[in-house]
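A structural walkthrough
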Amino acid sequence: AARQVAVMLAPTVHGKQHMALISALLNNLLELDLLLSPFVDDGFAQMSAELRAMYRELLFQDDQDLLEWVMARSDTPELRWQPVIAEIRRFHQLDV
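Residues numbered from 1 in each chain as written. Predicted model: local features only at pLDDT ≥ 70, side-chain atom pairs only at ≥ 80, totals over all residues. Heavy atoms only, no water.

Once that is clear, we can look at the overall build of the protein. Along its length, the protein carries six helices and zero strands. Starting at the N terminus, the α and β elements of the protein follow one another as α-α-α-α-α-α. Looking at the 96 residues of the protein, the share that counts as buried comes to 25%. Restricting to contacts in the protein with at least 6 residues of sequence separation, those with at least 24 account for 48%. Surface summary for the protein: the accessible area is close to 6,600 Å², and the carbon and sulfur share equals 57%. (Helix = DSSP H or I, 4+ residues; strand = E, 2+ residues; numbered from the N terminus. Buried < 20%, exposed > 50% of the residue type's maximum accessible area, 1.4 Å probe, protein only. Contact = heavy atoms within 4.5 Å. Areas by Shrake-Rupley, 256 points an atom, 1.4 Å probe, with all protein chains shown as cover.)

What follows is the structure in structure tokens.
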């Protein structure tokens, strides 16, 4: 999503401002991308509509927090997100 926003905004800013904007928008965690991209490609469609909606909500959370939750290094602040986190962990066989 950040990449799409960066491309859409690119024509409206120039020079150093342009590069700073792109850098800020793309500043996310590679580790999180490596976990979520395959999940979206191969696991997302199998989830219920309710879980897919919760997954979309999770994407608005801080990347570092989301990575901590998926890696089970900290608890989610909202219990309702636990089933989605569990699906991501199950997909990657992180509970084995």
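So, on to the packing of aromatic side chains. If you walk through the whole model with that rule in mind, you get four aromatic pairs. For the ring pair Trp 69 and Trp 81, a centre distance of 5.7 Å and an interplane angle of 35° mean the geometry is tilted. Here Trp 69, found in helix H5 (residues 63-70), pairs with Trp 81, found in the loop between H5 and helix H6 (82-91); they are 12 residues apart in sequence, far enough to count as distant. In this structure Trp 81 comes out as buried when scored by relative accessible area, which is 2%. An aromatic cluster is present here, built from Phe 39, Phe 44, Tyr 55 and Phe 91 joined pairwise through their rings. (Phe/Tyr/Trp six-rings, centres within 6.5 Å; stacked < 30°, edge-to-face > 60°.)

With that settled, consider helix H4 (residues 49-58). Along H4, the positions that sit buried rather than exposed are Leu 51, Met 54, Tyr 55 and Leu 58. For H4, the angular spread of buried residues about the axis comes to 105°, placing them on one side. Along its buried surface, H4 packs onto helix H3 (30-42), H5 and H6. (Arc of directions from axis to C-beta.)

To continue, consider the pattern of salt bridges. Enumeration according to the criterion identifies four salt bridges in this entry. Residues Glu 68 and Arg 73 are paired through a salt bridge, measuring 3.3 Å at the closest nitrogen-oxygen approach. Overlapping salt bridges bring together Glu 57, Glu 78 and Arg 80 as one network. (Salt bridge = Lys/Arg side-chain N within 4 Å of Asp/Glu carboxyl O.)

Let us look at unusual backbone geometry. Where the residue is not glycine, phi is negative for most of them; where a peptide bond is considered, it is trans in most cases. At Ala 72, a position not held by glycine, the phi torsion is positive, near 60°. Tracing the sequence through the fold places Ala 72 in the loop between H5 and H6. Of note, Gln 93 is a non-glycine position whose phi angle comes to about 55°, a positive value. Within the fold, Gln 93 resides in the segment after H6.

Between H4 and H6, whose axes approach to 9 Å, the crossing angle comes to 90°. Between H4 and H6, the interaxial angle falls into the category roughly perpendicular. Contact residues: Leu 51, Met 54, Tyr 55 and Leu 58 in H4; Pro 83, Val 84, Ile 85, Glu 87 and Ile 88 in H6. Counted by class, the contact of H4 with H6 contains eight nonpolar, no polar and one charged residues. (Axes fitted to C-alpha atoms, helices over the stretch in contact; angles between N-to-C directions. Parallel < 35°, antiparallel > 145°, perpendicular 65-115°, else oblique. Nonpolar A, V, L, I, M, F, W, Y, C, P; charged D, E, K, R; others polar.)

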